[in-house]
Amino acid sequence: METDGAPRGLPPGPTAGLTPGLPSDVAEALAGPLVDHHCHGVRRDGLDRPGFERLIVEGGLPAPPGTTHFDSPVGLAIRRWCAPVLGLPPHAAPADYLARRADLGSHEVNRRLLREAGIGDFCVDTGLNDPGLLSPAEMGLAGGGRGHEVVRVERVAEEVAERGPSAAKFADEFAEELFRRAGAAVALKSIIAYRHGLDFDPWPPEPGEVVAAVSRWFAGYHAHERLTDPVLLRHGLWTAVGVAREYGLPIQFHTGFGDPDLALHRANPLLMTDFVRAVRPAPIVLLHCHPYVREAAALAAVYPHVNIDVGLAVTYTAAGSATVIAEALELTPFHKILFSSDCYALPELCRLGALFHRRGLGAVLARRIADGEWSPRDAARIARLIGEGNARRLYRLTRTEKREQ
Amino acid sequence: METDGAPRGLPPGPTAGLTPGLPSDVAEALAGPLVDHHCHGVRRDGLDRPGFERLIVEGGLPAPPGTTHFDSPVGLAIRRWCAPVLGLPPHAAPADYLARRADLGSHEVNRRLLREAGIGDFCVDTGLNDPGLLSPAEMGLAGGGRGHEVVRVERVAEEVAERGPSAAKFADEFAEELFRRAGAAVALKSIIAYRHGLDFDPWPPEPGEVVAAVSRWFAGYHAHERLTDPVLLRHGLWTAVGVAREYGLPIQFHTGFGDPDLALHRANPLLMTDFVRAVRPAPIVLLHCHPYVREAAALAAVYPHVNIDVGLAVTYTAAGSATVIAEALELTPFHKILFSSDCYALPELCRLGALFHRRGLGAVLARRIADGEWSPRDAARIARLIGEGNARRLYRLTRTEKREQ
Amino acid sequence: METDGAPRGLPPGPTAGLTPGLPSDVAEALAGPLVDHHCHGVRRDGLDRPGFERLIVEGGLPAPPGTTHFDSPVGLAIRRWCAPVLGLPPHAAPADYLARRADLGSHEVNRRLLREAGIGDFCVDTGLNDPGLLSPAEMGLAGGGRGHEVVRVERVAEEVAERGPSAAKFADEFAEELFRRAGAAVALKSIIAYRHGLDFDPWPPEPGEVVAAVSRWFAGYHAHERLTDPVLLRHGLWTAVGVAREYGLPIQFHTGFGDPDLALHRANPLLMTDFVRAVRPAPIVLLHCHPYVREAAALAAVYPHVNIDVGLAVTYTAAGSATVIAEALELTPFHKILFSSDCYALPELCRLGALFHRRGLGAVLARRIADGEWSPRDAARIARLIGEGNARRLYRLTRTEKREQ
């Protein structure tokens, strides 16, 4: 895919939205193009108000009668920070915002908001398998950057199951398919937190157990059935570990806050500590983490192969996200934190994820410099590591490639 | 009960104690009368120093030799913020404070401190069943507002047990009594967190199980015995769900921090996630929540029927409570957060709960406005929702009724 | 051991590094000599870069290829705050720092950094049993203060096992040895969090169980084997409770964050709530606690015999440690919080622990005073309680003794 030569970084001015008084090299480092190392495609079609409201809350249940999802941190942030990108004044009313959104059309809305995010590389989890969402290549095109694929392990297992192989052949077909898909991807991803919880048995199941579990699964199988069997989830994970080692790819894990399907206390990344030890040194990335950011930071601080981000949490905590970012920076080594927007369906969530990352990180850096703790030079270097450097190293994304496109 | 026409809101001036420089409409919204949607009665009699100290700590164990419970956040806050209400300088010594308290007498102390809280409606949990505490009506009278009853489910079950029904008739008598009591109440409340933990089996027990459990309970019964049988606690809860649905009442749950009876890690509201899903859409209110405020906020963010407050935590963290309030506001929709003082026995705890709610929320709102995140108009609206609007909607408390009294 | 008459407290000026504008009595209280109630010896020999880097991360695993442990909060803090003590400019490069360190030699580096910490009493956990680390007396000498011993319970059990007693005699020999060692110590310490987790059975094992467990242990025994049997760990703990009661000594517990051996979610101090209740009123100190600081604070708030510190967490969160300290101060009574550096091997960690304690606590006190919450007099008193007074009371360390030396 190609870019259109649009200015990178944080438009319109590189320091808009940042803490006033930041040293210019720090502000420039923050304003530079980000690698969004974990996001989803945005929708290609338009949305009515109930449809839009369903997408500004995790899980999409409607607000109670007499209330609106716009009365939430992310709702106020959309009115404040996305309205101007669509040509409205800050704090525009929800109805005005949605009317303007409809007038511009989803193509233009996607283009404006994704570009405003100042992202150079989009690493897109394609596991939702929804043709209504932009593909990685389309995300890159709309956002003025490149798109890359993140392959969701459980989805690949489900796709193989849909083909109807024999129980005896499932494991081989799954491994082959995952290997094939991983060849074109920058990372693998597991949602075992949703399908079981992170309190899974850390060891791979025996081959006989796997065949038995596949047989049970297929015996009662119906189309588009989700993979939830704990044996097969573990089998999927350890197959992914093998594939990831082969290609040198990291494995991303959903952890923490998510939609209503999730039992949040079972999505605490500490629950997978034994697994983390068992797969070392294959790199792992703990996604989102909230409200277990400090727990995740502690894992990243002691295990060299563990990386974290606080995407999703930053977008949804919005005006309060500087606290979340500050907590991630308490203990995590600076070469282990990554930026992600975790946007899904709405380009607003990408724009806000990038904005609050820059604002929150900028606020922390400004305080460190003002307190005489960190030099501006170190602060600028840390901003670049978190914004793109760590992701480029981990996912082996070159800068050059990007510029050539 | 009637009010005396005393000024409502935060005396003596409506903005005393608030962040300087708050826009006037935000300050006014904060200073308006609060709905204290969960509190207990204050004592009608006076207290000596050991008796007072026992009541400024959760659970009432004495301080170690050579120390005093006044050396705590809430102890310093009483000297700072309650002393002037009794006519003493701020930071008065504990002995001076208690001497002044004794001189004024408990009636006057209760009247002054409750009115200083600026509360329009007191929703009083009557489950402690202690005639030494003011009733809901008396709380309203002393505080210049209205009193309402919150019925504690486990207490009603214990009262029915004290009548000595047959095991076979217990369930019916309990349901009838709870239904009768709920008819005059604004909410039901469960303390299953204390009696078992929030890791209870989320489903209702079978009728046969209930009769068997009642038989076991009654076989070894002694007077004033607490209900702790897990089957009967669950039965009580599901009976309450039925009654609450009938009347459209919310059910409040103690969660988080409490007295030494509580195993705090079993009071994490996430442990009742399956129950939360099972009772949807019957409204639930998670009380206190600390230190699981972010966990509770995540539940409120994804489940439309879940509401939270951070009462008790605000009072006891006192000068540090703005952080607790800020964390509640990170993720919780603004139509799902309520104010409570959770005061018990001492009117000081009501005065401080209201004061720190206003100060802490004011500090967050001031920061949001200064950061250019929220408009003053939205900030004022949010202050009113949290201070009274959400509680009025949830508990169907009209403003008009209040003014008519 | 003796001191050299060097100025105590925070050199070079007593208020260096503190929040500007603190009232002078508060600054003086903060600058006074600290009791480091839990630390380890620093190394007597020098270190190359890989050796040094291994020691600025919990657990000592090397940083991933292409990265350095200097890119962490503690790494930046060493360059900022330790470099000047060695005569280098702030923010010196790692290579320059290590070269200067080598030039000065470990004796001089230890002396300078430990003295800069301004510590009057070092309570040293000797359970690591490494002759390369300074003894308690040597720590006192190098740091210009006194050294005291903290006896690690599990280590004493292992030492007794190494002597090869019969299984039947183990319990008696262990009790005698622990009693003997405790006679010269200021506290006992347990690392059951590492060896099992804090979710241990809270009750003492039966004598028969102990003999059986010892027999199993000795049957497969090899030299320097760690004690990990849950029965024997509980036996060790309850033996320690008896000894501690005899001497009136507190028992320290590792809780929270630690090295990669630890399963962090099993180091949540709430998991030992039943044990905490069972040993009351024998004083307990919960060490470190991060990220369970609020949980630990809740225990300290309701149980009179529970004390906490946030050492280790303060050192490792470094520039972000004021938040950790602020959270500890939210709910913990002021007579229940202690200072520790938890330094191990590197005097840098002692210097930073003391510095960030003073800076973080100073920042909280400055805010409380500026907010009109606490009087400067109370703030100064609280600073002294946390810095030394609480430890002197708990461990019965006299001031006089110190000055006489």
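About the criteria used
- Residues numbered from 1 in each chain as written.
- Chains lettered and ligands numbered in written order.
- Predicted model: local features only at pLDDT ≥ 70, side-chain atom pairs only at ≥ 80, totals over all residues.
- Heavy atoms only, no water.
- Helix = DSSP H or I, 4+ residues; strand = E, 2+ residues; numbered from the N terminus.
- Rg over C-alpha atoms; globule rule 2.2 N^0.38 Å.
- Buried < 20%, exposed > 50% of the residue type's maximum accessible area, 1.4 Å probe, protein only.
- Contact = heavy atoms within 4.5 Å.
- Areas by Shrake-Rupley, 256 points an atom, 1.4 Å probe, with all protein chains shown as cover.
- Lys, Arg positive; Asp, Glu negative; His and termini not counted.
- Charge placed at Lys NZ, Arg CZ, Asp CG, Glu CD.
- Pairing = 2+ DSSP bridges.
- Right-handed = clockwise from strand over helix to strand, strands pointing away.
- Least-squares fit on C-alpha atoms with pLDDT ≥ 70 in both.
- Salt bridge = Lys/Arg side-chain N within 4 Å of Asp/Glu carboxyl O.
- Buried area = accessible area lost by both parts, 1.4 Å probe.
- Polar contact = N/O pair within 3.5 Å; in protein donor to acceptor, adjacent residues only side chain to side chain.
- Nonpolar A, V, L, I, M, F, W, Y, C, P; charged D, E, K, R; others polar.
- Axes fitted to C-alpha atoms, helices over the stretch in contact; angles between N-to-C directions.
- Parallel < 35°, antiparallel > 145°, perpendicular 65-115°, else oblique.
- Left-handed = near helix turned anticlockwise from the far one by under 90°.
- Domains from an automatic or database assignment.

1. Details of the overall build of chain A
Turning to step 1, where the next piece is worked out: Counting secondary structure elements, chain A contains 18 helices and eight strands.
Turning to step 2, where the next piece is worked out: Taken over the C-alpha trace, chain A has a radius of gyration of 21 Å; the compact-globule value for 405 residues is 22 Å, and the two agree within 12%.
Turning to step 3, where the next piece is worked out: Oriented by its inertia axes, the alpha-carbon framework of chain A measures out at about 65 × 50 × 45 Å.
Turning to step 4, where the next piece is worked out: Buried residues in chain A amount to 66% of all 405 residues.
Turning to step 5, where the next piece is worked out: Counting only contacts in chain A whose residues sit at least 6 apart along the sequence, the fraction spanning at least 24 positions is 76%.
Turning to step 6, where the next piece is worked out: Here chain A has roughly 13400 Å² of accessible surface; of this, 53% comes from carbon and sulfur atoms.
Turning to step 7, where the next piece is worked out: Taken as two groups, the 44 positive and 49 negative side-chain charges of chain A have centres that lie 4 Å from each other.

2. Considerations on the pairing of strand E7 (residues 306-309) of chain B
Residues and elements named next belong to chain B.
Turning to step 1, where the next piece is worked out: Side-chain alternation along E7 places Val-306 and Ile-308 on one buried face and Asn-307 and Asp-309 on a second face that is also buried.
Turning to step 2, where the next piece is worked out: Two elements, strand E6 (residues 284-288) and E7, share three bridges in a ladder whose sense is parallel. Across the sheet, the residue bridging to Leu-286 is Ile-308, located in E7.
Turning to step 3, where the next piece is worked out: Crossover E6 to E7 through helix H13 (residues 293-302) is right-handed.
Turning to step 4, where the next piece is worked out: Relative to strand E8 (residues 337-338), E7 runs parallel, the two being bridged by two bridges. Note on E8: the bridge partner recorded for Ile-308 is Ile-337.

3. Re the relation of the copies chain C and chain A
Turning to step 1, where the next piece is worked out: For the pair chain C and chain A, the relating rotation is 120°, the translation along its axis is 0.0 Å, and the fit reaches an RMSD of 0.0 Å. Such values leave the two copies arranged in the relation of a three-fold axis. By C-alpha distance to the rotation axis, the residue of chain C lying nearest is C:Thr323, at 5.7 Å.

4. Some points on the pattern of salt bridges
Turning to step 1, where the next piece is worked out: Counted under the stated rule, the structure contains 99 salt bridges over all chains.
Turning to step 2, where the next piece is worked out: Between A:Arg216 and A:Asp229 there is a salt bridge whose closest N-O contact spans 3.5 Å. Note that A:Arg216 is positioned in helix H10 (residues 207-219) and A:Asp229 in the loop between H10 and helix H11 (230-247), a separation of 13 residues in sequence.
Turning to step 3, where the next piece is worked out: For C:Asp45, the salt bridge goes to C:Arg43, with nearest N and O atoms at 2.9 Å.
Turning to step 4, where the next piece is worked out: Here the residues in one salt-bridge network are A:Arg294, A:Glu327, A:Glu330, B:Arg294, B:Glu327, B:Glu330, C:Arg294, C:Glu327 and C:Glu330, joined through shared partners.

5. A short note on the relation of the copies chain B and chain C
What relates the pair of chain copies is a rotation about an axis plus a shift along that axis.
Turning to step 1, where the next piece is worked out: Superposition of chain B onto chain C requires a rotation of 120° combined with a translation of 0.0 Å along the rotation axis, giving an RMSD of 0.0 Å.
Turning to step 2, where the next piece is worked out: In this assembly the copies use different faces: only 3% of the residues contributing to the interface of chain B also contribute to that of chain C.

6. Description of the sheet that holds strand E6 (residues 284-288) of chain A
Turning to step 1, where the next piece is worked out: Spatially, eight strands are ordered E1-E2-E3-E4-E5-E6-E7-E8 (chain A) in an open sheet, and the strand pairing comes out parallel. Strands at the two margins of the open sheet, each flanked by one partner only, are strand E1 (34-39) and strand E8 (337-338) of chain A.

7. Let's talk about the interface of chain B and chain C
Turning to step 1, where the next piece is worked out: In this complex, chain B contributes 37 residues to the contact, which on the side of chain C involves 32 residues.
Turning to step 2, where the next piece is worked out: Of the roughly 2800 Å² buried at the junction of chain B and chain C (both faces included), carbon and sulfur atoms supply 58%.
Turning to step 3, where the next piece is worked out: Applying the counting rule to chain B against chain C returns four salt bridges.
Turning to step 4, where the next piece is worked out: Close ionic contact of B:Glu327 with C:Arg294 constitutes a salt bridge, the shortest N to O distance being 2.8 Å.
Turning to step 5, where the next piece is worked out: Scanning the region where chain B abuts chain C turns up 13 residue pairs in polar contact (both at pLDDT 80 or more).
Turning to step 6, where the next piece is worked out: Among the elements that line the side of chain B that touches chain C, the one with the most residues is helix H3 (residues 73-82) of chain B, at five residues.
Turning to step 7, where the next piece is worked out: Of the residues that constitute the side of chain B that touches chain C, the class distribution is 20 nonpolar, ten polar and seven charged.

8. Comments concerning the interface of chain C and chain A
Turning to step 1, where the next piece is worked out: Contacts between chain C and chain A engage 38 residues on the former and 32 residues on the latter.
Turning to step 2, where the next piece is worked out: Between chain C and chain A, a total of about 2800 Å² is buried, with carbon and sulfur atoms accounting for 58% of that surface.
Turning to step 3, where the next piece is worked out: Sorting the residues of chain C by area buried against chain A places C:Asp71, C:Leu76 and C:Ala319 first, and these three jointly supply 19% of that buried surface.
Turning to step 4, where the next piece is worked out: For the pair chain C and chain A, the interface holds four salt bridges.
Turning to step 5, where the next piece is worked out: Between A:Asp378 and C:Arg79 there is a salt bridge, with the nearest N and O atoms lying 2.8 Å from each other.
Turning to step 6, where the next piece is worked out: For the side of chain C that touches chain A, the elements supplying multiple residues, two or more each, are helix H3 (73-82), helix H14 (313-317), helix H15 (321-331) and helix H16 (347-370) of chain C.
Turning to step 7, where the next piece is worked out: Here the side of chain C that touches chain A takes five residues from H3(C), the largest share from any one element.
Turning to step 8, where the next piece is worked out: Each residue belonging to the side of chain C that touches chain A can be placed in one class, and the counts come to 20 nonpolar, ten polar and eight charged.

9. Side note on unusual backbone geometry
Turning to step 1, where the next piece is worked out: For the bond from A:His290 to A:Pro291, the omega torsion is 0°, close enough to zero to count as cis.
Turning to step 2, where the next piece is worked out: Turning to its location among the elements, A:Pro291 is positioned in the loop between E6 and helix H13 (293-302).

10. Here we look at the packing of helix H1 (residues 24-31) of chain C against H16(C)
All names here are of chain C.
Turning to step 1, where the next piece is worked out: One way to put it is that H1 packs onto H16 with a least axis distance of 10 Å and a crossing angle of 160°. Comparing their axes, H16 and H1 come out roughly antiparallel. Crossing hand, H1 versus H16: right-handed. Where H1 approaches H16, its residues Val-26, Leu-30 and Ala-31 are matched on the opposing element by Arg-358, Leu-361, Gly-362, Leu-365 and Ile-369.

11. Section: the domain arrangement of chain A
Residue and element names in this part refer to chain A.
Turning to step 1, where the next piece is worked out: If you check the domain split of chain A, you get domain 1 (12-45 + 117-395) and domain 2 (47-104).
Turning to step 2, where the next piece is worked out: Relative placement of domain 1 and domain 2: their C-alpha centres are 26 Å apart.
Turning to step 3, where the next piece is worked out: In this assembly, 24 residues from domain 1 lie in contact with 17 residues from domain 2.
Turning to step 4, where the next piece is worked out: Taking both partners together, domain 1 and domain 2 bury about 1600 Å²; carbon and sulfur atoms supply 71% of that area.
Turning to step 5, where the next piece is worked out: The interface formed by domain 1 and domain 2 includes one salt bridge.
Turning to step 6, where the next piece is worked out: We note a salt bridge from Arg-101 to Glu-348, for which the minimum N-O separation is 2.7 Å.
Turning to step 7, where the next piece is worked out: In this structure, the connection of domain 1 to domain 2 is made through four residue pairs in polar contact (both at pLDDT 80 or more).
Turning to step 8, where the next piece is worked out: Of all the secondary structure elements, the ones that give two or more residues to the side of domain 1 that touches domain 2 are helix H14 (313-317) and helix H16 (347-370).
Turning to step 9, where the next piece is worked out: A class-by-class count of the residues in the side of domain 1 that touches domain 2 yields 14 nonpolar, four polar and six charged.

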